[in-house]
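Single-letter residue listing:
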Amino acid sequence: MRSRYIGARYDPLRARGALPAKGQSLSSRAPGPARPHVGRPGPARPRWRRLVPIVVWLAAAVVVIVVAASLATDYLWFGSLGYARVFLVSYCARWALLLGGGAVLAGLTGLNAVIAFRLRPADRPDPRRAGGGGYRAALEAHRKLLLWLALLTIGGVSGVAMASQWQTWLLFWDRVPFGRTDPVFGVDISFFVFDYPFIRLLIGYLFAVVVVSLVVAAGVHALCGGLRWQGRRPAATTAAQSHVFLLLGMFVLLKGVAYWFDRYGIDFSQRGNAGTGASYTDLTAVLPAKTALAVIALLCALLFFAGAVRKRAMLPAVGFCLLVLSAILVGGLYPVIIQQFVVKPNELAKESSYITREISATRRAYGVSRVRVIAYPATRPRPPGALASQLAALHGVPLVDPALIAPAFQQLQQVKGYYKFPGALAVDRYLLPGDGPVPQDVVVGVRGLPGPPPGQQTWVNTHLVYTHGFGFVAARADSAQSSGAPAFVAGGIPPGGPLNRAVGRYQPRIYFGPQQDSYVIVGGRAGRNPAELDYPAGNGQRNNTYTGGGGVSLASPLTRLAYAVAFRQPDIALSGAVNARSRILYNRQPLQRVAAVAPFLTPDPGLYPVISGHQILWVVDCYTTTDFYPYSERVDLAQATATSQDPAGTAAGQVNYLRDSVKAVVNAYTGAVTLYQWGAADPILRAWEKAFPGLIKPARDIPRSLLAHLRYPQELFEVQRQILATYHVVGAQSFYTGQDFWSVAADPAGPAGSTLRQPPSYLTLSVPGYRHPEFSLVTAFVSRGQASLAAFMAVDSNPTQPGYGTIRILAVPQGDVLPGPAQVRGAFEAFPQAVSDFAAFRRGGSALTLGSLAILPVGGSFLYAEPVYVRPPAGQGGGYPVLRRVFVYDPSLAQPVGYGPSLAAALAQLVSRTAPATGTAAGPGSAVRADLQAAESDYARALADFGAGDFAGFGQYLALMKQELDDALRAAGVVGGRLSP
């Protein structure tokens, strides 16, 4: 049979039945099944396209497994600490806001996109011939896919943004009253701290919903021809116009709501010179303007809605013009006129009451409302002989600078090179045998273990062998050895020293500390498994198996697999050294653990170790903060806590309310985290306790042995001293003129030309108002723009006494001039004997450093003291700073500088200048004894350097000893007395 294609032109469309046969019309073609394609087959599908779905599914599976492993290990970590509820509440809050916030925004945006598509004109232009070429056709062909991708992106971004604000939502949900009313609006302070931030967040979110919906709807209308350009003018269908006007009306309505709640924002105004809070202009102009703008915005929104209903653009145009004009005239110009022509000519009279409000609120917000300012006329001369008795009653002068002495700890107490001490040590106090009933100030640190020695950093060594540090080290803060090295009262391996004997036996192993930054697997010793290094002993080592019960058990193979995935460490699952008795310890830094357990607290980076209850504990001071306390001045934490020791500051962000609300304790052996409430019940902390019940224990549960070592937080003190530099002035007129403002003293020990502030110091001293010497935190103020001393500030830091937390300021009366820290430092460096000594010290490449300048109130005046450290050149004397000389300064004396090899020698010089003159020297007096003591001390140091092979130092100290003996002869009245060389 002859084929119908023979001798005929092949037409594939007719062969498939898509077109009728020749001579047959389209309408006459009988319906029927499509004919099979006859002819050449189409191109084969590329093989790589078949793999795309498989790759996508595999990638999705990997992501799901990694996320599941991360969540599972997080839950196990929180559960190991007994804080699984914290994980559930915080994660559920995040995910609820992520999914809810993303779904609402994406859903409403998608709804508006669908409405815009359904309102497309029936006679819309052909997308292939419309302006813009063929992009309209391409977009319309993939509109559903593009819409879903856009909605997923929009929802994801908005969900993540909302999830980051989970703390704002929880505080709003669990808010509690402050019990104090705002003076402007008559509402409880809790409205500003808890409600106002959440309302601002909600309004911002709704603005995002409306704006995104408007943009997407306008885009869909443009693609479908509802919005287009006719010539040079935009044109719109009535349906598209109504839709856009409706969304614009919602935007304007939200603007009215925002105007209404912006009224409460005047409590944080910075207008004029009234400081922070509502000023005269805010109350008389801004507040009524915001109210009027809220009403006008409501009317303008109604005009937009009317335009949408009546399908006319005139009413929305009128509403838009009215809104813009009222915002310019009522919201912008009117307050400026009031401020410029009413307030500015009479600013003090107009703003006095508001300045008083700000002073009161700021002092209350930072906990300094009860500070005691005591007039301290320190320029009065002392009676003869009074200084000796006053100095004899002095408890101690800090000579061992914790910011400088860490290298000495590292050199003398390191034991092995893999142990490390922190760069800045801490100050605490302990009862030492033979020192009486008053605890002694000591500089403390622990031997951390960051990891194995260089070249030995295998997985087994890093995570199974070098697992923990060892030992607590302490040195007296008020004295040093005759060689100038720290006088250790605790140290060595195994631990020894008088402090260790006083506190008894304790667990010295440090599995959790600031320098433990990697995970370790412990407790699994069995058979051939490697043992944990405990500490070096002789030519070998002592081993240890962890029994603390901390961390997460790896008994389950599934748990090991989860950690192997979460940490990207397959050895966790594959290593034979990990068995059913193994436990994994991670997040081992105390600050990291506290931040995870209580993410709503701001931890103070200045943590410190304490021996309590036969354990080494890390104490972390934690704050509750907000920047929504009305009328209180905002402070930048980084700027307020920046000192010469930490130029970048210890925290970030702005606050205008700060409370030391929690003491966090981390066990260095078990890793257990315990949070104790501290101080009066803070409303912000009470709100968090409602969100996380049982997380924070009451203060009465603090062990007595731990309570004796708690202290006033340094970061809080640094913020408070910045506030009190200004807000010690409580009168509105004096505050406005600013003539009695102070500045925190710059650190004279800082870099040359630096204006970085002097860090506060912990020491035990007696301040007027103390019944006996107390452990305190102190700082100094200078007059603003000057170098003279203006005030001395101290806070009682002993929580076992009823005066804890009481801030006392010894203010120098105006008109009295006392040298400030920089001026005293200048007097020290210009002292003739010091000049020659410094030159001798620097010979041979030694580095000379002056320590922190201490200021102590003594006998109605002040005593300045500063240690002098000398660091030998590298390779000599161990390379650590040693105490060589001590300066003292008494501004009540005509010759105020004392200088010697020890504190006693330097003070003896001051005492000798207060003794009554006798005309002749009857015998060796105080000055002679001081010079002889200095010579004896230098002789001991010369012998020490000779034994160490430091012949340059040996020669220097012999020369100094000769000079001091010559001084002793002259002081004894030997005319022309001089030793023969």
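Our structure is the block above this text.
Residues numbered from 1 in each chain as written. Predicted model: local features only at pLDDT ≥ 70, side-chain atom pairs only at ≥ 80, totals over all residues. Heavy atoms only, no water.

Asker: How do you make sense of the sheet that holds strand β4 (residues 426–430) when you look at a structure like this?
Answerer: Sheets are built from strands that pair by backbone hydrogen bonding, the pairs being arranged parallel or antiparallel. Strand order across the open sheet formed by 4 strands is β4-β5-β7-β8, with antiparallel pairing between neighbours. In the strand order of this sheet, the two ends are held by β4 and β8 (486–490), each with one partner. Direction aside, neighbouring strands of the sheet carry axes that sit 45° apart on average. Running at roughly 65° to β8, helix α13 (residues 406–413) makes contact with β5 (440–446), β7 (472–480) and β8 of the sheet. (Pairing = 2+ DSSP bridges. Helix = DSSP H or I, 4+ residues; strand = E, 2+ residues; numbered from the N terminus. Axes fitted to C-alpha atoms, helices over the stretch in contact; angles between N-to-C directions. Contact = heavy atoms within 4.5 Å.)

Asker: Where do I start with the pairing of strand β25 (residues 789–796) in this structure?
Answerer: Where a strand is regular, its side chains alternate between the two sheet faces. β25 sits mainly inside the fold: 8 of its 8 residues count as buried. Where strand β24 (residues 774–783) and β25 come together, 7 bridges link them in antiparallel fashion. Residue pairing for β25: Leu777 is matched across the bridge by Val795. Pairing geometry for β25 and strand β26 (residues 807–811), over 5 bridges, is antiparallel. In the strand pairing of β26, Ala794 is matched with Arg808. (Buried < 20%, exposed > 50% of the residue type's maximum accessible area, 1.4 Å probe, protein only.)

Asker: When you look at the packing of helix α3 (residues 84–118) against helix α6 (residues 166–173) in this model, what are you seeing that I'm missing?
Answerer: The geometry of a pair of packed helices is captured by two quantities: the angle between their axes and the separation between those axes. Interaxial distance between α3 and α6 falls to 9 Å at its minimum, and their mutual angle equals 105°. Relative to α6, the element α3 lies roughly perpendicular. Residues Val89, Ser90, Ala93, Arg94 and Leu97 of α3 lie in contact with α6, whose contacting residues are Trp166, Trp169 and Leu170. Here the residues of the contact of α3 with α6 sort into 6 nonpolar, 1 polar and 1 charged. (Parallel < 35°, antiparallel > 145°, perpendicular 65-115°, else oblique. Nonpolar A, V, L, I, M, F, W, Y, C, P; charged D, E, K, R; others polar.)

Asker: Explain the side chain of Glu532 here, please?
Answerer: Here Glu532 shows up in strand β11 (residues 532–537). One buried charge, Glu532, has no salt-bridge partner; the nearest side chain with opposite charge is Arg509, at 7.3 Å. Among the polar contacts listed, one links the side chain of Glu532 to the backbone nitrogen of Gly523, at a separation of 3.2 Å. A polar contact is formed between the side chain of Glu532 and the backbone nitrogen of Tyr546, at a distance of 3.2 Å. Setting aside anything within four residues of it in sequence, one finds Glu532 in contact with Leu464, Val465, Thr467, His468, Tyr511, Val522, Gly523, Arg542, Asn543, Asn544, Thr545 and Tyr546. (Lys, Arg positive; Asp, Glu negative; His and termini not counted. Salt bridge = Lys/Arg side-chain N within 4 Å of Asp/Glu carboxyl O. Polar contact = N/O pair within 3.5 Å; in protein donor to acceptor, adjacent residues only side chain to side chain.)

By themselves these figures say nothing about function.
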